[in-house]
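# Structural overview for review
Below are the chains, spelled out letter by letter.
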Amino acid sequence: MANDSKTWRCGKYELSFDRPRIMGVLNVTPDSFSDGGEHFDPDAAIEYGLAMLDAGADIIDVGGESTRPGFTPVNPDEEARRVLPVVRALAKEGAIVSIDTRHVAVAKAAVRCGASIVNDVTGFTDPKMVEFVATSTCGVIVMHAGEVAAPARTHATVQLDTSAAAFVAEKAREAAAEAAREAEKPARRRRGKLLGEPKTEAKLPGGVVQPSLPFGDPEPAPEPTGEQKQETPAAEQAAPAAEAAATPEPAPEPSDHLAAMMRRSARREEAYVPTSQLRRFTLPDSAPIMRRVMGFLSDQARALIHAGVSRDRICIDPGPGFGKTANEDIVIQRETAKMASLGYPLMCAVSRKRFVGAVSGVSEAAERDAATFGVCLGAIQAGANIVRVHDVTGFAQFLNGYWAVAKPQPRRAFVAVGSNLGHRCDNIRAARDMIAEIPLTCVSNCSRIYESEPAYETRQDAFANAVIEIKTELAPLVLLDELMKIEAELGRDRSKKAKVNGPRTIDLDLLWMDGETHGGKKLRLPHPLIGERDFVLVPLEDLMHDPARFFRYNGVEVKEPEDRVGHIVGELGRM
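Below is a short write-up of the structure.

Structurally, Asn420 can be placed in the loop between β15 (411-419) and α15 (424-435). At 3.2 Å, the side chain of Asn420 forms a polar contact with the backbone oxygen of Asp461. In terms of polar contacts, Asn420 uses its side chain to reach the backbone amide nitrogen of Arg504, at 2.9 Å. Look past the residues within four positions of Asn420 in its chain and what remains in contact with it is Gln460, Asp461, Ala462, Phe463, Pro503 and Arg504.

Now for the side chain of Gln300. With respect to the element layout, Gln300 can be found in helix α9 (residues 286-307). You can call Gln300 buried: its relative accessible area is 15%.

Given two aromatic rings, one states the distance between the centres and the angle between the planes to describe the pair. Counted according to the given criterion, the structure contains 7 aromatic pairs. Chaining the aromatic ring pairs together yields one cluster made of Phe414, Trp512, Phe550 and Phe551. Here the guanidinium or amino end of Arg311 rests over the ring plane of Tyr344, the centre of that ring lying 4.1 Å away.

Across a sheet, strands are paired by hydrogen bonds formed along the backbone, either parallel or antiparallel in direction. Strand order in the open sheet formed by 8 strands is β12-β7-β6-β5-β4-β3-β14-β13, with parallel pairing between adjacent strands. Pairing within the sheet leaves two strands with one partner each, and these edge strands are β12 (314-317) and β13 (347-348). With 3 bridges joining them, strand β5 (residues 96-100) and strand β6 (residues 117-120) adopt parallel strand pairing. Its bridge partner lying in β6, Asp100 is registered against Asn119. Helix-sheet contacts for α9 involve β7 (139-143) and β12, and the interaxial angle to β7 is about 150°.

Another aspect to go through is helix α10 (residues 326-334). Counting buried residues in α10 gives 7 out of 9 residues, a clear majority hidden from the surface. Along α10, the residues classified as buried are Ala326, Glu328, Asp329, Ile330, Val331, Ile332 and Gln333.

Moving on to unusual backbone geometry. At the junction of Leu525 and Pro526, the peptide bond is cis and its omega measures out at -10° in the coordinates. Tracing the chain through its elements places Pro526 in the loop between β19 (507-513) and α17 (534-540). Backbone geometry places Leu440, a non-glycine residue, at a positive phi of 60°. Among the structural elements, Leu440 can be located in the loop between α15 and β16 (441-446).

Close contact between helix α13 (residues 369-382) and helix α14 (residues 392-406) brings their axes to 11 Å; oriented N to C, the two are set at 45°. Looking at the two axes, α13 sits oblique to α14. The handedness of the crossing between α13 and α14 is right-handed. Listed contacts from α14 to Phe373, Cys376, Leu377, Ile380 and Gln381 of α13 are Gly394, Phe395, Phe398, Leu399, Tyr402 and Trp403. In the contact of α13 with α14, the residues fall into 9 nonpolar, 2 polar and no charged.

Turning next to the packing of helix α1 (residues 42-55) against helix α2 (residues 76-92). Where α1 meets α2, the closest approach of the two axes is 9 Å, and the angle between their N-to-C directions is 35°. Regarding α1 and α2, the two cross each other, and that crossing is right-handed. Residues Pro42, Ala45, Ile46, Gly49 and Leu50 of α1 form the contact with α2, whose participating residues are Pro85, Val86, Ala89 and Leu90. Its residues assigned to classes, the contact of α1 with α2 shows 8 nonpolar, 1 polar and no charged.

About the criteria used
- Think of each chain on its own: its residues are numbered from 1, step by step along the sequence as written.
- It should be noted that, the model being predicted, local features are given only for residues of pLDDT at least 70 and side-chain atom pairs only at 80 or more, the latter also being counted only at that level, while totals for whole chains, interfaces and linings use all residues.
- Hydrogens and waters are ignored; side-chain quantities use all the structure's heavy atoms.
- Strands are runs of DSSP state E lasting at least two residues, helices are runs of H or I lasting at least four, and both sets are numbered from the N terminus onward.
- Think of a polar contact as two N or O atoms within 3.5 Å of one another; within protein, one of them needs to be a possible hydrogen donor and the other a possible acceptor, and neighboring residues in sequence only count if both atoms come from side chains.
- Here a residue-residue contact requires only that any non-hydrogen atoms of the pair lie within 4.5 Å.
- Summary of the burial criterion: residues with accessible area below 20% of their type's maximum are buried, those above 50% are exposed, and those between are partly exposed, where the area comes from a 1.4 Å probe applied to protein chains only.
- Only rings of Phe, Tyr and Trp enter the pairing, Trp through its six-membered ring, and a pair is recorded when the two centres are within 6.5 Å. The plane angle decides the type: under 30 degrees is stacked, over 60 is edge-to-face, the rest tilted.
- Either the NZ atom of lysine or the CZ atom of arginine qualifies as a charge over a ring when it sits within 6 Å of the ring centre and within 35 degrees of the ring normal.
- Strand pairing follows a simple DSSP-based rule, namely that at least 2 bridges must link the two strands.
- With axes taken as lines fitted to C-alpha atoms, and helix axes fitted only over the stretch in contact, angles between N-to-C directions fall between 0 and 180 degrees.
- Roughly parallel means an angle under 35 degrees; roughly antiparallel, over 145; roughly perpendicular, 65 to 115; everything else is oblique.
- Crossings are sorted by hand: turned counterclockwise from the far helix by less than a right angle, the near helix makes the crossing left-handed, and turned clockwise it makes it right-handed.
- Residues are grouped as follows: nonpolar covers Ala, Val, Leu, Ile, Met, Phe, Trp, Tyr, Cys and Pro; charged covers Asp, Glu, Lys and Arg; every other residue, Gly included, is treated as polar.

This is how it looks when you write it as structure tokens:
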């Protein structure tokens, strides 16, 4: 299950998996398979990324190159131009940003701009990418992209029909073909054979005879010498040229390895020809498929460790849709528990993929979100830790509903309470009682109430402040919404005309929550201003030993008492 002891270190962040983490997909591309062009403008992409954070995303995965089947490769300069402004803006808002790229130059630039994770769809098969991540502290995602079955044979499947009618029809076709050949034979002979007579064998250099092959494409004939070209009649030379002109040339195979693999994968899906052979099972054998997928992921993870990447920085992704058929993707998803047993954080990145459409009967990629949620739930139950989705709002609601019922998980959190209008202490006590009524939440401890100097906006009355320790099973954003409701009920004015740090009847700030790191406009965890607020740190001393040390350990910069704001000037009593 997702609530295990794995952790994932990504630069200055550390993600725990006491609950599944949501990665939001942000494609800054014109041609992605389900949302191409929607967020191609950098400002639109930044706004959408912040919206996903406010909806419940823990990580934003920013990509500047579509890797859908048949994609057109993008050069690193163009990819960097698309993604770097977005990465920089989201990281500035405290987001954990993943850069989805296979180009080492783009990965380096993105990490310098604040990205904390490198998501390489080629699985760190580029030694330069391995060398880069080994010298950084970012998290890495090793993805498997490739075919998992033996290459299909190129010849068409032969089907036998032993009926008498089929035998008679075949004989009639042979007779008609022979009559047509006899009628077309010219009277003139060359080297004892009729011109135009079909050749059954070709001579290779040195006189070696190569018989025609029964399967696949015929072997090309050797180039004729100059003397042979002169002896060949003009009509015979013109015939192959005319035939070649009439036959359209196949599309050139992309020189890019990943693009070539994805194009083969698309053709493999489209060119499937059913045969008369009955299959005994609905899905292919899982053993050879999982040997290739898990073998690759294990080998690449070990290679990264040997290069100097610590194990707790590595996440693995089986790469659904990358070179795999729908049947193979289902086999891999059913074996999620085996992949989770490798001990690395495991990603489920199935959002809107072709196989999700195949099992749900939904042809439009953008309409596959509900089916995606179902596949993701199966993966979470089997041990997946991170879910990569397009519809963050919908999936966050889905996950919160499921987790509240299926997984009892009370976690400790701290809420700062302040008031400088009306009966200050009564307002704080009323807020405490209302917090205790929030669903799946209880008040476990309270600090004393202190009086403090006003901070930031100094021309106002002194504040009464306290900190409440709670236990809750709600997700952080859901808990924050409940706290905002209490503020509104107690008369807090949050309109545009009200000063941000001005007088208020009540102010509730979610300071910290066990195992949670979050960025965005709506909520930052840990609260980014804890370390400079004396009116928060002093009440916390009633609830824990040495809060300054505690928050420094959790990556928060804590200032010395003389450098803080809102200094405590007295005590007003107990809660």
